[in-house]
Amino acid sequence: SQQGEEDPQALSIQEGENATMNCSYKTSINNLQWYRQNSGRGLVHLILIRSNEREKHSGRLRVTLDTSKKSSSLLITASRAADTASYFCATDANQGGKLIFGQGTELSVKP
Amino acid sequence: GAGVSQSPRYKVAKRGQDVALRCDPISGHVSLFWYQQALGQGPEFLTYFQNEAQLDKSGLPSDRFFAERPEGSVSTLKIQRTQQEDSAVYLCASSLFVAKNIQYFGAGTRLSVL
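(A) Expanded view of the overall build of chain B. Scanning chain B from terminus to terminus reveals 0 helices and 11 strands. Written out in order from the N terminus, the α and β elements of chain B read β-β-β-β-β-β-β-β-β-β-β. Radius of gyration (C-alpha) of chain B: 13 Å, near the 13 Å computed for a compact globule of 114 residues. Considering chain B as a whole, with its 114 residues, one finds that 46% of them fall into the buried category. With an accessible surface of roughly 5600 Å², chain B has 49% of that area assigned to carbon and sulfur atoms.

(B) Geometry of the overall build of chain A. A tally of regular secondary structure across chain A gives 0 helices and 11 strands. When its helices and strands are written in sequence order, chain A yields β-β-β-β-β-β-β-β-β-β-β. Principal-axis analysis of the C-alpha atoms gives chain A an extent of 40 × 30 × 20 Å. Intrachain contacts of chain A at a sequence separation of at least 6 include 55% that bridge at least 24 residues. Surface summary for chain A: the accessible area is close to 5200 Å², and the carbon and sulfur share equals 44%.

(C) Local environment of the state of the cysteines. The tally for this structure, following the rule as stated, stands at 2 disulfides over all chains. Shown here is the disulfide that connects Cys23 of chain A with Cys89 of chain A, its sulfur atoms set 2.0 Å apart. Looking down the S-S bond of the Cys23 of chain A and Cys89 of chain A bridge, the torsion is 70°, so its handedness is right-handed. One end of the pair, Cys23 of chain A, is in strand β3 (residues 19-24); the other, Cys89 of chain A, is in strand β9 (residues 85-92), with 66 residues separating them in the sequence. Since its relative accessible area comes to 3%, Cys23 of chain A is described here as buried. Taking the relative accessible area as the measure of exposure, Cys89 of chain A reaches 1% and is therefore buried. What pairs with Cys23 of chain B in a disulfide is Cys92 of chain B, and their sulfur atoms sit 1.9 Å apart. Disulfide Cys23 of chain B to Cys92 of chain B: torsion about the S-S bond roughly -65°, handedness left-handed. Here Cys23 of chain B, found in strand β3 (residues 19-24), pairs with Cys92 of chain B, found in strand β9 (residues 88-95); they are 69 residues apart in sequence, far enough to count as distant. Each of the two residues, Cys23 of chain B as well as Cys92 of chain B, counts as buried.

(D) How the structure looks around the pattern of salt bridges. In total, this model carries 5 salt bridges over all chains according to the counting rule given. Residue Asp83 of chain A is joined to Arg60 of chain A by a salt bridge in which the shortest nitrogen-to-oxygen separation is 2.9 Å. Of this pair, Asp83 of chain A sits in the loop between β8 (71-76) and β9 while Arg60 of chain A sits in the loop between β6 (55-58) and β7 (61-66); the two residues are 23 residues apart in sequence, bridging distant segments of the chain. Where Arg64 of chain B meets Asp86 of chain B, a salt bridge forms, and the shortest distance between an N and an O atom there is 2.8 Å. Here Asp86 of chain B lies in the loop between β8 (75-79) and β9 and Arg64 of chain B lies in the loop between β6 (53-56) and β7 (65-68), a separation of 22 residues in the sequence. The same class applies to Arg64 of chain B as to Asp86 of chain B, namely buried.

(E) Looking closely at the sheet that holds β3 of chain B. Residue and element names in this part refer to chain B. If you walk across this open sheet you meet the 4 strands as β1-β3-β8-β7, and the pairing is antiparallel. Among the strands making up the open sheet, the edge pair consists of β1 (5-7) and β7. Ignoring strand direction, the axes of neighbouring strands in this sheet form an average angle of 15°. With 4 bridges connecting them, β7 and β8 associate as antiparallel partners. Looking at β8, one finds that Ala67 is bridged to Leu77.

(F) Fine view of the sheet that holds β6 of chain A. Residues and elements named next belong to chain A. If you trace the 5 strands from one edge of the open sheet to the other, you get β1-β3-β8-β7-β6, paired in antiparallel fashion. Only two strands of the sheet have a single partner each, and these edge strands are β1 (5-7) and β6. Adjacent strand axes in the sheet meet at a mean angle of 15°, parallel and antiparallel pairs treated alike. Pairing geometry for β6 and β7, over 4 bridges, is antiparallel. Its bridge partner being in β7, Ser58 is matched across the sheet by Leu61.

Here is what the cut-offs are and how they apply
- Residues numbered from 1 in each chain as written.
- Chains lettered and ligands numbered in written order.
- Predicted model: local features only at pLDDT ≥ 70, side-chain atom pairs only at ≥ 80, totals over all residues.
- Heavy atoms only, no water.
- Helix = DSSP H or I, 4+ residues; strand = E, 2+ residues; numbered from the N terminus.
- Rg over C-alpha atoms; globule rule 2.2 N^0.38 Å.
- Buried < 20%, exposed > 50% of the residue type's maximum accessible area, 1.4 Å probe, protein only.
- Areas by Shrake-Rupley, 256 points an atom, 1.4 Å probe, with all protein chains shown as cover.
- Contact = heavy atoms within 4.5 Å.
- Disulfide = S-S within 2.5 Å.
- Salt bridge = Lys/Arg side-chain N within 4 Å of Asp/Glu carboxyl O.
- Pairing = 2+ DSSP bridges.
- Axes fitted to C-alpha atoms, helices over the stretch in contact; angles between N-to-C directions.

Below, the structure is given as structure tokens:
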């Protein structure tokens, strides 16, 4: 069974707009990661935030983590059509490296 | 360098048939993971190896599922007597070591059981 819940399940925006995706989880974690998956492909790691961090940036990506609420958000700024993909949060509860994934947000960026 | 390679990319099996799915991890990566991804869902953990040792197989759905990594490199996921509910994409991932658990995924094997 999956631990994470993500919302929205689907998001459609115009190029240039910002996209925000949210993730909630159930147990204490070591870190939380975001992955991207293009249709028919494997997952690609985007960013990792540790449990003692509150915010992290990487290029157009900004991730926040609130361990008291057991939630995280991923913000993609100035979106591009090439950002169209499914985005998954994954928690690492320090159980030997096993990742628990959310159900994902399907992002569509229209040119 | 080469990423994680999985074969075959697609497999169609008749119900009751045995299948074997192969994963070639990134060279030197200690950890190897198998996940199952149903359509429209996130990946679900199946099993994990550190070198040749299978340290966690808690996600394997039944005793029809078996994984091995005999020399600590290539891994095979075997499903015996396949059933329709086994239809899914099977993803393999590897990571350099557990302490920095960024996982690199293959493109997956899409299994369809008819």
